[in-house]
Amino acid sequence: MYTQDELRDIASKFVIYGDFLVAVPFGSGHINDTYQLTYDQGGVRLHYTMQRINHAVFHHPEQVMENMDRVTRHLLNKIHAERIETKKRTLRLLRTYTNQPCVQDHRGNYWRAYVFVENARSYDVLESPKQAYMAAQAFGDFQCNLVDLPGPRLHETIPNFHNTPKRVEALEAAIKSDKAGRARQVRHEIDFIMKRREETEKLLKLNAEGSIPERITHNDTKVNNILIDDLTGEGICVIDLDTVMPGLALYDFGDMVRAGTSAAEEDEVNLEKVGMRFEMYEALFRGFLSSAGGFLTPAERENLPFAGKLITLETAIRFLTDYLEGDVYFKTRRPHHNLDRCRNQLKIVESIESQMNEMKKLLKQA
């Protein structure tokens, strides 16, 4: 934990005018530590966001920040060119007094800061099909606007992040080592995953064949990574850009389905509450196509229904792997938290499978 004096000192490295008042924990992310900063600027209280980059997960924080800097500058240039209101449309990184996008503190941790987006919020569970449509449209816009990002290929901030076959291999290694002595109690979950192992290679094979191209993608499009405007209900700003890197468009859509269609949060233990709501899927599908449909290939469109199943299964694999390794990656708040998350995701996989025909019908209609 950091004291207020330590947080004040870190914030002082960024070009922020006014007097520091307080820093309070903010958000529900699993990986980074996020704080809302409050400053007094001439009697007006303004807010900023400051985050510690978890370098146990992101081994090269400077590469994360180079990606983020390039992407946000590109998006801001497009917004300016279109002459639309800019304050909420993209994250705006603050610079340090040496014109860098991040600082390193006395403990060796890396920090970044950006303007806090007012009068907008994220949701852990989408409340209506309209919200789902707007969120998916915003993520589709995000992908569309990065198609023409100039310069070299972005860094892979987490190599093989959505390489599902490698996630299965990591699970097998965790089962074999059984560091926490938990493998015997999760045989059902292991069997469920292994029965679907062959399917995990599908999108990578299509990518290798050239029918699904590599794109610049967010790679973590859970619903709380989009800010929804309080007044209009519009999806206005994509956040949490640590994992923006080369990937497949279907990964982003699949994660939206995983995180945006269930009526319950991802650690809900009452599995009767968990499952894919088709009306939410349809809203995500139509919203994503409204903005991203113009650049998707036929193979990308065809595999939109499968994408949700794949990424949900992959996420279950990641939770189960972490559980078997002793909960070393994801933040947990109770015993068996990662196992609860895994079972939740596997229930969504079952629900998606049971509605796959309806999803394919919707695709044909579109």
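The model shown is predicted, which means the values in this text are computed figures rather than measured ones.

Student: I'd like a description of a positive patch on the surface, backed by residues and values.
Tutor: On the surface, Lys-202, Lys-360, Lys-361 and Lys-364 cluster together into a positively charged patch. The dominant element in the positive patch, judged by the number of residues it contributes, is helix 12 (residues 356-365), at 3 residues. Inspection of the secondary structure puts Lys-364 in helix 12. On the accessibility criterion, Lys-364 (76% relative accessible area) is exposed.

Student: Talk me through the packing of helix 5 (residues 187-194) against helix 11 (residues 337-354); I want residue IDs and the actual numbers.
Tutor: The geometry of helix 5 relative to helix 11 is characterised by a closest axis approach of 11 Å and an angle of 40 degrees between their N-to-C directions. Between helix 5 and helix 11, the angle is such that the two are oblique. The interaxial crossing formed by helix 5 with helix 11 has left-handed handedness. Residues Glu-189, Phe-192 and Ile-193 of helix 5 pack against Leu-339, Cys-342, Arg-343, Leu-346, Val-349 and Glu-350 of helix 11. Its residues assigned to classes, the contact of helix 5 with helix 11 comprises 6 nonpolar, no polar and 3 charged.

Student: Please give an account of the packing of aromatic side chains that cites residues and values.
Tutor: Using the criterion set out here, one finds 11 aromatic pairs in the structure. Considering the side-chain rings of Phe-26 and Phe-116, the 5.4 Å spacing of their centres and the 80 degrees angle between planes classify their relative orientation as edge-to-face. Of the two residues, Phe-26 is situated in the loop between strand 1 (19-25) and strand 2 (33-41) and Phe-116 in the loop between strand 5 (110-115) and strand 6 (120-121); the sequence distance between them amounts to 90 residues. Among the residues examined, Phe-26 registers a relative accessible area of 41% and is labelled partly exposed. An aromatic cluster is defined as three or more aromatic residues linked by ring pairs; in this entry it consists of Phe-253, Phe-278, Tyr-281, Phe-285 and Phe-288. Over the face of the ring belonging to Tyr-2 we find Arg-107, whose NZ or CZ atom lies 3.8 Å from the ring centre.

Student: Just give me the short version of the pairing of strand 5, but keep the residues and values in it.
Tutor: Taking burial as the measure, the 6 residues of strand 5 include 5 buried ones, the bulk of the element. Alignment of strand 4 (residues 103-104) against strand 5, held across 2 bridges, turns out to be antiparallel. By the bridge assignment for strand 5, Gln-104 is matched with Tyr-110. Here strand 4 folds back onto strand 5, and the loop between the two strands holds 5 residues, one of which, Gly-108, carries a positive phi near 95 degrees.

Student: Please give an account of unusual backbone geometry that cites residues and values.
Tutor: Even without a glycine there, the phi angle at Asn-99 is positive, about 65 degrees. Inspection of the secondary structure assignment puts Asn-99 in the loop between helix 2 (61-82) and strand 4. Under the relative-accessibility criterion, Asn-99 is labelled partly exposed at 48%.

About the thresholds
Residues numbered from 1 in each chain as written. Predicted model: local features only at pLDDT ≥ 70, side-chain atom pairs only at ≥ 80, totals over all residues. Heavy atoms only, no water. Patch = residues over 30% accessible without salt bridge, like charges linked within 9 Å, V, L, I, M, F, W, Y side chains within 5 Å. Areas by Shrake-Rupley, 256 points an atom, 1.4 Å probe, with all protein chains shown as cover. Salt bridge = Lys/Arg side-chain N within 4 Å of Asp/Glu carboxyl O. Lys, Arg positive; Asp, Glu negative; His and termini not counted. Charge placed at Lys NZ, Arg CZ, Asp CG, Glu CD. Helix = DSSP H or I, 4+ residues; strand = E, 2+ residues; numbered from the N terminus. Buried < 20%, exposed > 50% of the residue type's maximum accessible area, 1.4 Å probe, protein only. Axes fitted to C-alpha atoms, helices over the stretch in contact; angles between N-to-C directions. Parallel < 35°, antiparallel > 145°, perpendicular 65-115°, else oblique. Left-handed = near helix turned anticlockwise from the far one by under 90°. Contact = heavy atoms within 4.5 Å. Nonpolar A, V, L, I, M, F, W, Y, C, P; charged D, E, K, R; others polar. Phe/Tyr/Trp six-rings, centres within 6.5 Å; stacked < 30°, edge-to-face > 60°. Lys NZ or Arg CZ within 6 Å of the ring centre and 35° of its normal. Pairing = 2+ DSSP bridges.

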